[in-house]
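Chain by chain, the residues run as shown.
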Amino acid sequence: MRAGGRRRWNWRCSRGQDDVVVGGERSRGCGDIGGERERDVLAFWRVGFVDPFSISRVLPSSSAKPKSSAEMALLKSHLLPLLLFSLSALLFFSSFFYLSSPHPNPNPNVTLRPQNPDFTFIIKLLAYNRLDSLSRCLRSLAAADYLSDRVHLHVHIDHFSPADSDDADRKLRESRRILDLVDAFEWSFGEKLVHYRTANVGLQAQWLEAWWPSSDHEFAFVVEDDLEVSPLYYKFLKNLIMNYYYNASNSRPYIYGASLQRPRFVPGKHGNKLKVDDRTRLFLYQLVGTWGQLLFPKPWKEFRLWYDKHKAKGIKPFLDGMVTTGWYKKIGEKIWTPWFIKFVHTRGYFNIYTNFLHERALSVSHRDAGVNYGKTAGPDSHILDESSLEPKFWNTLPLGDLKWYDFCFREIFPERVIGSLDELGSVLNSVQTNNTVIIVSLFGVKEMVVSNLLCQFESLNLRNYILTGPESEFLFDLARRGHPVIITNRFLESVGAYKLLSVHNSYVQLISEILVKVYVLQKCLESRYSSWVVDGNMLPVSADPFVVESDPSYDFYIGTSPELFFARGSSSAQKDVGGTDFTSNFAMLVNSLLVRQQSVSFGYVMAKFLEMKKSVRVNTLDETSFGLRIDNSIVNQSLGDGKKIVFWPNDMASEIVQKRLQEIGIWVINDDSSCKVVVCHQS
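Conventions adopted
Residues numbered from 1 in each chain as written. Predicted model: local features only at pLDDT ≥ 70, side-chain atom pairs only at ≥ 80, totals over all residues. Heavy atoms only, no water. Axes fitted to C-alpha atoms, helices over the stretch in contact; angles between N-to-C directions. Helix = DSSP H or I, 4+ residues; strand = E, 2+ residues; numbered from the N terminus. Parallel < 35°, antiparallel > 145°, perpendicular 65-115°, else oblique. Contact = heavy atoms within 4.5 Å. Nonpolar A, V, L, I, M, F, W, Y, C, P; charged D, E, K, R; others polar. Disulfide = S-S within 2.5 Å. Salt bridge = Lys/Arg side-chain N within 4 Å of Asp/Glu carboxyl O. Buried < 20%, exposed > 50% of the residue type's maximum accessible area, 1.4 Å probe, protein only. Pairing = 2+ DSSP bridges.

## Observations regarding the packing of helix H11 (residues 447-460) against helix H18 (residues 654-664)
One way to put it is that H11 packs onto H18 with a least axis distance of 9 Å and a crossing angle of 30°. As the angle between them shows, H11 and H18 are arranged roughly parallel. On H18, the residues that touch Met448, Val449 and Asn452 of H11 are Ser654, Glu655, Val657, Gln658 and Leu661. Along the lines of polarity and charge, the residues of the contact of H11 with H18 split into four nonpolar, three polar and one charged.

So, in structure tokens, the structure goes:
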């Protein structure tokens, strides 16, 4: 099937016979262009059954009799209009199919969407018992510029909470005034819908039950009744939707919406101060905004289903290290944001924020007395209007040019898939700490073990690492979340390394795993960075896990297990393993060892290679001197003093690994492989 449900048929004349093959069905009469066959073809074209681009033979078959001059003249008289018709059809169909058929997606994680969408925009106004606040909010919404678009207004009014009979009459009168206000309010931009609850449900249910998207082209803009919006807010949000949702090359499925409030809050305990460069107008931040939040449909559906699952199983939205967890423990289900924050943390999603000068914003909370404030605190910022616009207000930069921040307001760098030696050098410069880099191989390591490793890295503030592994959705997701990743096969192909391979295909993955370490190691030494090469079966328990006493007269150390290797960032080490000759000679040694059916690993091959260099001194490093080895037989072990890493055999079952690490107290992920704790470190 072609785009738009159009069938693609193959119409051709078979060599040596006068048949027409249409969609695999054969019919007679292929010999005469000007006869019944031509009329049939044109009829097929008209009803859309024949694709003009798939006609591979229109002229008579080679076995047909030669035509007389009269016949040829007749043939030409029929053929000329047919050719003109074909050209016209070709131009029409080519433009049609170009516009209607899907084009290659530049980002494999992005769903292509129509370029001129007819989307639905719904304002979800959440109200309770603040008549004056609601009136102000409605006036500001009605004063906005909606560009002649159809925009719907849905007002959700929560019922007052149960009261004594003496107070019931007063609350009934308040509710009636609010209903009268909303009923009398004229909304000329689209439909107005009012939902008045029969019982008090609170702010959490008001938010969560206000919207279930009817399609991937329906957006909700949620405002609480003490908000005031700028007349420019809709034009701004539409611009964001067009550029960051419908622009296929500039959208990401892990962006869940946009907040119009002025950013002021960092939920991670001991997080960085929320400070953005004055020249920055847009940035991405994991935190949801409750003062004017645009919600994208698909992430919101994902959240609602995630919420239902966790509520049904009695799982609380606890996320240690977050201020919002304390709020939830104090007031429970009255608030909804801890649930959404936990969801966003699990999925690694982001929100678009604005940053305007002089404390201006497109949505302002007056912080009137209510659920969140015991008494009125006043507006948090100033409304941005036409008089305060900046020249570049409507500019939307590519996502790659924007800054991204996590819950600690620490800048992260999403989608760091390293594809070339130049990119590798740049990333090494950005991640190295004290001129040291850790190269972590994830070949054969279970995903949950990798997740636990990275959460441990996060808690210890270890950021000087690069991950290598085979191509997988999991590895791409790690890169999306900001981890520097080398997809081995793609990287080696880009640097032309596969020409060095000469053994059977069954060894390609093993050699690739070894060779990628060689390239990264070389690049590290080129910049005089010391390098640790480790596998994913080593878990750090110290902030300086690979800082050990070493003899400076040795440039290379090899662990007693073949997964551990250290190279000092010295000029002599760079000379010993530098240059293209080293890479090719190393690959030749790997090939020869495999041909002799010897067991190989990076450390083993490196030891063999360095042995051949008589002037190179190589020392042995005993992991047990600074690490704890766990295995299947020993239970209830403890770290003891001076231990910096925990390690285990590569063939140890991941369930046993999890159990042993839990016994030690360093299994730090939840059942969904998300970190149990958010640990902020000052940048």
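## Observations concerning the state of the cysteines
Evaluated as defined, the whole model comprises two disulfides. The disulfide that involves cysteine 408 links it to cysteine 680, with 2.0 Å between the sulfurs. Its S-S torsion of approximately -80° makes the covalent link between cysteine 408 and cysteine 680 left-handed. Separated by 272 residues along the polypeptide, cysteine 408 in the loop between strand S16 (404-405) and strand S17 (411-412) and cysteine 680 in the segment after H18 bring together distant segments of the chain.

## Side note on the pattern of salt bridges
Per the counting criterion, the structure on display carries 24 salt bridges. In this structure, arginine 347 and glutamate 302 form a salt bridge, with 2.9 Å as the shortest nitrogen-oxygen distance. With a gap of 45 residues between them, arginine 347 in helix H9 (residues 337-347) and glutamate 302 in helix H7 (residues 297-312) connect regions that are remote in the sequence. In this structure, arginine 490 engages glutamate 471 in a salt bridge whose closest nitrogen and oxygen atoms are separated by 3.1 Å. Here arginine 490, found in helix H13 (residues 488-494), pairs with glutamate 471, found in the loop between strand S19 (465-469) and helix H12 (473-480); they are 19 residues apart in sequence, far enough to count as distant. With a relative accessible area of 43%, arginine 490 lands in the partly exposed category. Salt bridges here are not isolated pairs; linked through shared partners, they connect Asp406, Arg410, Glu458 and Arg463.

## A look at unusual backbone geometry
Look at serine 148: it is not a glycine, yet its phi comes out positive at around 65°. Mapped onto the fold, serine 148 is located in the loop between helix H3 (131-142) and strand S5 (151-157). In the Ramachandran plot, asparagine 461 falls in the positive-phi region, its phi being about 60° despite a non-glycine side chain. Mapped onto the secondary structure, asparagine 461 falls in the loop between H11 and S19. What makes asparagine 461 partly exposed here is its relative accessible area of 34%.

## Points about the environment of phenylalanine 566
By the element assignment, phenylalanine 566 lies in strand S24 (residues 565-567). For the pair formed by phenylalanine 566 and serine 531, sequence separation is 35 residues and the distance between their alpha carbons is 5.7 Å.

## Quick notes on the sheet that holds strand S25 (residues 618-621)
Through backbone hydrogen bonds, the strands of a sheet pair up, either in parallel or in antiparallel fashion. Strand order across the open sheet formed by seven strands is S20-S19-S18-S21-S24-S23-S25, with mixed pairing between neighbours. Bordering the open sheet on either side are strand S20 (485-487) and S25, each of which pairs with just one other strand. Sheet twist, expressed as the average angle between the axes of neighbouring strands with direction ignored, equals 20°. Pairing of strand S23 (residues 556-559) with S24 involves three bridges; the strand directions are antiparallel. By the bridge assignment, tyrosine 557 is partnered in S24 with phenylalanine 566. Docked against the sheet, helix H17 (residues 602-611) engages strand S21 (530-535), S23, S24 and S25, running at close to 135° with respect to S23.

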